[in-house]
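Secondary and tertiary structure notes
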Amino acid sequence: MTVGAQVSGDVDDMRVSRVTISDVSFTADLSGALFWEEQRLLVVSDLHLEKGSSFATRGVLLPPYDTIATLGRLAAVISRHDPRIVIALGDSFHDRTAHQRLSSDDRDAVTALQTGRDWIWISGNHDPMLPRDLGGTVADEVAIGPITFRHEPSGARGEIAGHLHPKARVSARGRSMERRCFVSDGMRAVMPAFGAYAGGLSIRDAAFAKIFPTNGFVAHLLGDRRVHAIAASRCS
Amino acid sequence: MPGLVPGIHVLGAPSEDVDGRDKPGHDDVEKIVVPMYERIRDCSAADGEGGTPSTKPSPRLTCSCVPPRILQTSAQPAALLPRRFQQWFAARGWSPRAHQLALLEKAREDASALLIAPTGAGKTLAGFLPTLVELSTEAAERNAGAKQGLVSTGRSVQRTGGLHTLYISPLKALAVDIARNLERPIAEMGLPIKVETRTGDTPVSRRQRQRRYPPDVLLTTPEQLALLLSSDDAPFLFSSLKRIVLDELHALVTSKRGDLLSLGLARLWRLAPRMRAIGLSATVAEPDQLARFLVPQPGGKQAAADIVIAGGAAPPEVEMLDTRERLPWAGHSARHALPEIYELIKANRTTLVFVNTRSQAEMLFQNLWSMNDDGLAIALHHGSLDVAQRRKVEDAMSAGRLRGVVCTSSLDLGVDWGDVDLVVNIGAPKGSSRLMQRIGRANHRLDEASRAVLVPANRFEVLECRVAIDAIAENAQDTPPLRTGGLDVLAQHVLGCACGEPFLSDDLYAEIRSAAPYADLSRQDFDDVVDFVASGGYALKTYERFARIKQDKEGRWRVANPKVRQSYRMNVGTIVEDDMLKVRLVRSRGGGQGKAGGSTGVIARGGRLLGEIEEAFIEGLSPGDTFVFSGEVVRYETLVEDQVYVSRAHDKDPKVPSYMGGKFPLSTYLAERVRRLLDDGRAWGGLPEQVRDWLSLQKDVSQVPAVRELLVESFPRANKHYLVCYPFEGRLAHQTLGMLLTRRLERARARPLGFVANEYAVAIWGLGDLSFMIRDGRIDLNALFDPDMLGDDLEAWLAESALMKRTFRNCAIISGLIARRHTGEEKTRRQVLFSTDLVYDVLRKHQADHVLLRAARADAATGLLDLRRLGDMLARIHGRITHRELDRVSPLAVPVMLEIGRESVYGEAADELLAEAANELVKEAMG
């Protein structure tokens, strides 16, 4: 039992798991964020803000609380790690006009989160034309040391990407659990979606096989109280 | 695998419970019925044989009279039946039944009526006689002078004549067959009556014609009625309506389809105030409640239709199989009794063998077939079989070519086969009314007793069978009470109303309250539903500009745009399908153990299609797990998109059980009787010796549960500590109880590991010494079972309960929050746009009192979580807990202990399950 704890989490903090990418060690946070202590850099991916209202424009009146929920969780993880830099790894907004539908309260909440730190919006396929008035910097990708941050994964070494919304299912004795997860093989990683309404794609999908050349990748599943590192081959 | 009956091929798809999945009446579900003349013959000529009119006088049946509203027919046929009808009856040597005349009399009095009659009593003809008589008279008058045509009413154009009778059936096929069978008396009597059906299969051109030139009689389903009512011309179509006939009403009213139908009725009462209703039903516990369904409820008071009860059916002869074999402790297969079941089939002409689930049906059929040395024609019938396959079985059955049919509740409704002389019911009867209806399937002649044999599959089921037989002897009914109408169904209806003529809130509220299930609807709930339909009903008012329905200057609500109407029409109905996956048989990729590894090795694509299976079931499996499907044990290989690949396994027993007990738990009534039977040692004489011995042994080592108390036993076993209790409240309530107890024991640091529940008991096990903790006072059993567990603990559990999320999803679909079917291009099912689980999480946190959450909670009270029953039980046993500390498992605990590993184990926290998988990685890493 204790062996599992040592490998799958910090002994001090069971909430997190270690993910190493190109020899850089990251903390995989239970919330779905990735933290680089050395740089005090926090990454979150696929916030999909205003997804609810995006559906509402098409007559599907999903509860309009997803933006509040997502920003609330983001505020919590930011206050926990107090990062110097925050990178939002693309698809931060669900559609091209989503930022215009942000309520003034939500806009203020974003501004408050940006205060006192650098904020980088990486553009994604859902939000390729991010406006300048959101605060922070807009970029297509960012490279820091051996690590490159971009929205859509290419499979390159040292890449941290999002876009795919990985999730994994673990089954045993007629019961199963499906959770969002980080996916990594030590060379590259794909981040889970952070947004409250963001769905998921099974890591058994062919899209992941293209990025991770060997079958030996690991899914870091977001459990209720901790992150669990599980062999991808054990998942379905 | 043994061969199958020639021409009867099995294509099966497991369903967690066939009872629930057969969905009688969904437009896609087919059932066969015997032509109605046979019903007429059965009920009119006791000895009618093969269509030969009898010359003997038919025995007249009397209506049993339950004063004051139940009718005593004094009228002579001559006074009620026009001469043409009398001649028609006479020409066949038939005479009308008393209850048939009674309904004619009710029609003459301009009253609505509920007919309660057993199978084979000529119920359907009784329901249509008033219509046929009225239309024949009307036609005569029409010929005498008035001519048919269009008249202007100022506002619209109306046809004289027009739609006279609407017939609503839960089964599409029943509507179709009844239409066909009505043709004969109409043709033979030369009545100028036009009968048509309208189902999901009716071509668009005919549907349009029906609206413009309605037939005299239209036969359809509740969903089609909702669609017709949502159209602009509903007032034109329905204003002439005189009569509505609701078939199999007892079955319709127990589900949300009944809610939908009641709302449709409320609308019809407004459009056609002269309309009267006839309900046709099997025997129910509360006929008065059912009769309320048929008439508009006046505000604040209750109104009910008159009740006509057909008497005369001989009481059934029911016995329990007195097995020569050892009675199993647990399980549901009744494998021990197979030779005896086979002998029963052999000794009778035609036997219906009922089981509770599809997988039981598959297993039993497979086993019977393997011992079928006499080559008896035995067939299989259940709701997941392909329609064409079921038709084949039904045709063979009607033609008298089958000796036995293994079936599920797929045959509970609709079918009325003449030649069944024995019903065998395997396993738990669950409820006395349900059992009586099943036994009625063997009732081909009303005045002869139906014969039935109950085969308990384990010892507890012996007790249940015993009390069910006693209940039947007393004719005690235990059908559930009338539902309170769901708010999700109401939302669908409100949108449907807005698709038709614009409405004012006050008017619609009054109209809806005239429907019995919604008679107590509060104005607040109604307004919340309208707000939900309009703009989502959210406290955060940001969706006004996206509203689906809008108010005009006069305050009338109407749909905002035609797309809303189109979407409504594509999504009408209350039956939510499970996501199904196709199952294909391929060759194993080898590797023996099938040890995980989704993509190691390549699975040959293609493979023979075995059928369909619920996605939820497959999600619980790991590659390599075995289960029974389509009559054999198969190994789960992999899932690719919507295809499940399985290979043939050589295991005798499947690793993962697919028995899920069926949707219906043991009825409260039978549970109470089982408790009383246990408590009364003198009554044990009626039990088989093996069961008596078992109970006596229990009495010696522990005690037998007393009728008003809850027995709790604790004992150690193999390094674990067990706590077993016996509430007898059914599996659903027990699952919820097990979940909540586990949470509480976790807080008490008893380190629970899991639990298992069956119909009678719950067993929880853990690492902590439960006996010691109870003795020590660290666990107070009265506090552990305190009804306050339905407070915070329940709340905490509901936040994550998969059952609750499923309940919410159903409500979200029925209410129209999300669409089952989208306009425009069809999304493939793998392209999930968003997950209702995530919506549930967010909504629960930010607006816990939202109308959809209220709807889901109301469902949870009686549905998958059975909270109401659990609450009643906790209140009943509060302060009446008897604890027995034992040094080992008690005889009574053995059955539920044996379920461990057979039934799915609940109560393991997500993190434990994940940690276990994570440890495998560690082991791998450490070599």
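See the structure above.
Residues numbered from 1 in each chain as written. Chains lettered and ligands numbered in written order. Predicted model: local features only at pLDDT ≥ 70, side-chain atom pairs only at ≥ 80, totals over all residues. Heavy atoms only, no water.

**Quick word on helix α9 (residues 222–229) of chain B**
Which entries qualify depends on this criterion: Residue burial is assigned from relative accessible area. The probe radius is 1.4 Å, only protein chains are included, and a residue is buried under 20% of its type maximum, exposed over 50%, and partly exposed in between. A run of DSSP states H or I qualifies as a helix once it reaches four residues; a run of E qualifies as a strand once it reaches two. Both are numbered from the N-terminal end.
Of all eight residues that make up α9(B), eight are buried, and the element is covered over most of its length. When we look at burial in α9(B), the residues that qualify are B:Pro222, B:Glu223, B:Gln224, B:Leu225, B:Ala226, B:Leu227, B:Leu228 and B:Leu229.

**Quick word on the pairing of strand β4 (residues 165–168) of chain B**
Residues and elements named next belong to chain B. Stated formally: Here, a strand pair is defined by DSSP locating no fewer than two bridges between the strands.
The alternating pattern of β4 places Thr-165 and Tyr-167 on one face and Leu-166 and Ile-168 on the opposite face, and all of these are buried. Examined bridge by bridge, β4 and strand β6 (residues 217–220) share four bridges and lie parallel to one another. Counterpart to Ile-168 in the pairing with β6 is Thr-220. Pairing of β4 with strand β7 (residues 243–246) involves four bridges; the strand directions are parallel. Opposite Ile-168, over in β7, you have Leu-246 as the bridge partner.

**Side note on helix α22 (residues 562–571) of chain B**
Residues and elements named next belong to chain B. To keep things clear, this is the line we draw: The arc in question is the one spanned by the directions pointing from the helix axis to the C-beta atoms. Residues are treated as being in contact if the distance between any of their heavy atoms lies within 4.5 Å. Here a polar contact means two N or O atoms within 3.5 Å. Within protein one must be a hydrogen donor candidate and the other an acceptor candidate, and residues neighboring in sequence count only if both atoms are side-chain atoms.
Of the residues making up α22, those classed as buried are Val-564, Tyr-568 and Asn-571. For α22, the buried positions fall inside an angular range of 80° around the axis, keeping them on one side. Opposite its buried face, α22 presents the exposed residues Pro-562 and Lys-563, each directed more than 90 degrees away. Check the buried side of α22 and you find it contacts α9, α19 (487–499) and β17 (557–559). With a side-chain oxygen lying 3.0 Å from the backbone nitrogen of Lys-563, the N-terminal cap of α22 falls on Asn-561. Two residues or fewer after α22 comes Gly-573, characterised by a positive phi angle close to 120°.

**Description of the packing of aromatic side chains**
Our working rule: Within 6.5 Å between ring centres, the rings of Phe, Tyr and Trp (the latter by its six-membered ring) count as paired, and their orientation is classed by plane angle as stacked under 30 degrees, edge-to-face over 60, tilted in between. Two conditions define a charge sitting above a ring: the NZ of Lys or the CZ of Arg must be within 6 Å of the ring centre, and it must be within 35 degrees of the ring normal.
Tallying each qualifying case throughout the model produces 20 aromatic pairs over all chains. Ring plane angle 85° and centroid distance 5.8 Å describe the contact between B:Trp88 and B:Trp94, whose orientation is recorded as edge-to-face. Accessibility expressed as a relative area gives 10% for B:Trp94, which makes it buried. Chaining the aromatic ring pairs together yields one cluster made of B:Trp329, B:Phe460, B:Trp694, B:Phe728 and B:Tyr760. For A:Arg73, the ring lying beneath its charged end belongs to A:Phe194, and the centroid distance is 4.4 Å. The ring of B:Trp329 carries the charged tip of B:Arg459 above its face, separated from the ring centre by 4.2 Å.

**Re the sheet that holds strand β9 (residues 306–309) of chain B**
Residue and element names in this part refer to chain B. Put simply, the rule reads: Note on geometry: axes are lines fitted to C-alpha atoms, helical ones only across the stretch in contact, with angles between N-to-C directions running from 0 to 180 degrees.
Spatially, seven strands are ordered β5-β6-β4-β7-β8-β1-β9 in an open sheet, and the strand pairing comes out parallel. Each edge of the sheet is formed by a strand with only one pairing partner; in this case those strands are β5 (195–198) and β9. Taking each pair of neighbouring strands and ignoring which way they run, the sheet shows an average axis angle of 20°. Lying over the sheet, helix α8 (residues 204–212) contacts β5 and β6, oriented at roughly 125° with respect to β5. On top of the sheet, helix α12 (residues 256–271) reaches β4 and β7; it is set at about 170° to β7, its chief contact.

**Remarks on the environment of B:Asn348**
Residues and elements named next belong to chain B. Checked against the element boundaries, Asn-348 lands in the loop between α14 (338–347) and β11 (351–354). Between the C-alpha atoms of Asn-348 and Leu-422, which are 74 residues apart in sequence, the distance is 7.0 Å. Residue contacts for Asn-348: discarding those within four places in its chain leaves Arg-403, Asp-421, Leu-422 and Arg-451. Here Leu-344 takes part through its backbone oxygen, which lies 2.9 Å from a polar atom of the side chain of Asn-348.

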